[in-house]
Amino acid sequence: MKSGELDLLFRPSNLDRTAVCHASAREAALLGNMEQTSMFAAEGTVAHTVAERTLRNPEAEAKDLVGEEIDGFVVTEGMSRYVQEYVDAIRERAAAPGAILLVEEELDLGELIPGRKGTADAVILFPKEGRIEIHDLKYGRGVRVTLGSVAKMKRQLPTYGWAAIRQYDLFGKFLEVGLYSHQPRLDHRDELTLSVSDLERFADDLRENLDKACAPDPGYTPGDDACRWCPVKETCAARAEWLLSKVAVEWPDLTGEGKASTPVAMKDSGRMSGEVIE
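Residues numbered from 1 in each chain as written. Predicted model: local features only at pLDDT ≥ 70, side-chain atom pairs only at ≥ 80, totals over all residues. Heavy atoms only, no water.

Undergrad: Give me the side chain of R131: which residues, what numbers.
TA: As for its placement among the helices and strands, R131 is situated in strand 5 (residues 131-137). According to the relative accessible area criterion, R131 is buried, its value standing at 11%. Here the side chain of R131 touches T193 through a polar contact of 3.5 Å, side chain to side chain. With residues near it in sequence (within four places) discarded, R131 still touches R93, I124, L125, F126, F174, E176, G178, Y180 and T193. (Helix = DSSP H or I, 4+ residues; strand = E, 2+ residues; numbered from the N terminus. Buried < 20%, exposed > 50% of the residue type's maximum accessible area, 1.4 Å probe, protein only. Polar contact = N/O pair within 3.5 Å; in protein donor to acceptor, adjacent residues only side chain to side chain. Contact = heavy atoms within 4.5 Å.)

Given below as structure tokens:
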């Protein structure tokens, strides 16, 4: 299957899973679980709407929307306070001389993922400094988000950064991209700066992994990060075998000779049984 046929599966927010466990996107789509949205995700979408409307009006504050119902959620004082922290951080950076703020900016990811676009919460261009910043609001508080390092980074924001370098080249020559993840409910912000060469190496690696995901028989590579948000993890035989192998290492007495044996019933159940883990 070609990349263009799977473009709807390669969502930027899922790249950390798809680029590691190459079979996960196809399996999720076949089971029809790609479109499920939790209440927490829906609440986060409302927080993004509050942030967008506030940032688009220089005179507005998030508290102006308290009490308004948006997509079934009523904006609370608590949400407005957290969103305002993010808004203040963006406005502070965008106040620099010559800075250009773009809110909810659509980025063309087609050179990496055919047909795919992504939306950055905020993009700030600094043409004089040769710098672009990509800012991401994470309203959730369940997991503290870290962007990683140049050697091992989360994939969504670098994908946006790679696209932004190309999309805004008419504004000047950009030499680096700053990535920012804001989690106001955890009082946490993480950042990572990448050079153009860092982004090119990242893009080459991502293309290689997405090509593997498009192969006729993509492999399974279960792991903590790959499986955490995977919608098919509860029925994945590859993940079950991986968990049993972890049990064998941590509690060898439970598995006899220290090797986990996958029960026949588990191995024979489900469409993913018998697959080779890369």
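Undergrad: I'd like to hear about empty space enclosed by the protein, residue by residue, with values.
TA: Considering all chains together, one arrives at two cavities of 30 Å³ or more under this definition. For the largest cavity, the calculated volume is near 90 Å³. Lining the largest cavity are 15 residues, and of these C21, S24, C227, C230 and C236 sit closest to its centre. Put simply, the parts of the chain that give the lining of the largest cavity at least two residues each are helix 2 (24-30) and helix 7 (224-228). (1 Å grid on protein atoms, 1.4 Å probe; cavity = no way out; pocket = protein on both sides within 12 Å on 5 of 7 lines; lining within 4 Å. Points joined across faces, edges and corners; volume = space filled by probe spheres on them.)

Undergrad: Break down a negative patch on the surface for me, with residues and values.
TA: A cluster of acidic residues, E85, D88, E92 and D187, forms a negative patch at the surface. Relative to the assigned elements, E92 resides in helix 4 (residues 77-94). E92 gets classed as exposed once you look at its relative accessible area, which sits at 63%. (Patch = residues over 30% accessible without salt bridge, like charges linked within 9 Å, V, L, I, M, F, W, Y side chains within 5 Å. Areas by Shrake-Rupley, 256 points an atom, 1.4 Å probe, with all protein chains shown as cover. Salt bridge = Lys/Arg side-chain N within 4 Å of Asp/Glu carboxyl O. Lys, Arg positive; Asp, Glu negative; His and termini not counted. Charge placed at Lys NZ, Arg CZ, Asp CG, Glu CD.)

Undergrad: Could you give me a rundown of the packing of helix 5 (residues 156-167) against helix 6 (residues 196-213), with the residues and numbers involved?
TA: Where helix 5 meets helix 6, the axes come as close as 10 Å, and the angle between the chain directions of the two elements is 120°. Between helix 5 and helix 6, the angle falls in the class oblique. Our pair here, helix 5 against helix 6, has a crossing hand that is left-handed. Of the residues in helix 6, those touching helix 5 at P158, T159, G161, W162, I165 and R166 are V196, L199, E200, F202, A203, L206 and R207. Broken down by class, the residue content of the contact of helix 5 with helix 6 amounts to eight nonpolar, two polar and three charged. (Axes fitted to C-alpha atoms, helices over the stretch in contact; angles between N-to-C directions. Parallel < 35°, antiparallel > 145°, perpendicular 65-115°, else oblique. Left-handed = near helix turned anticlockwise from the far one by under 90°. Nonpolar A, V, L, I, M, F, W, Y, C, P; charged D, E, K, R; others polar.)

Undergrad: Can you break down the sheet that holds strand 6 (residues 176-183) residue by residue, with the values?
TA: With respect to topology, five strands assemble into an open sheet ordered 3-4-5-6-7, the strand pairing being mixed. The strands lining the two open edges of the sheet, one partner per strand, are strand 3 (100-108) and strand 7 (188-195). Going from strand to strand, the sheet's axes swing by 30° on average, the running direction of each strand aside. Note that strand 4 (residues 117-126) and strand 5 share five bridges and pair antiparallel. Note that in strand 5 the partner of I124 across the bridge is E133. Against the sheet, helix 4 engages strand 3, strand 4, strand 5 and strand 6, with an angle of about 45° to strand 4. Running over the sheet, helix 5 touches strand 3, strand 4, strand 5, strand 6 and strand 7 and is turned about 100° from strand 3. (Pairing = 2+ DSSP bridges.)

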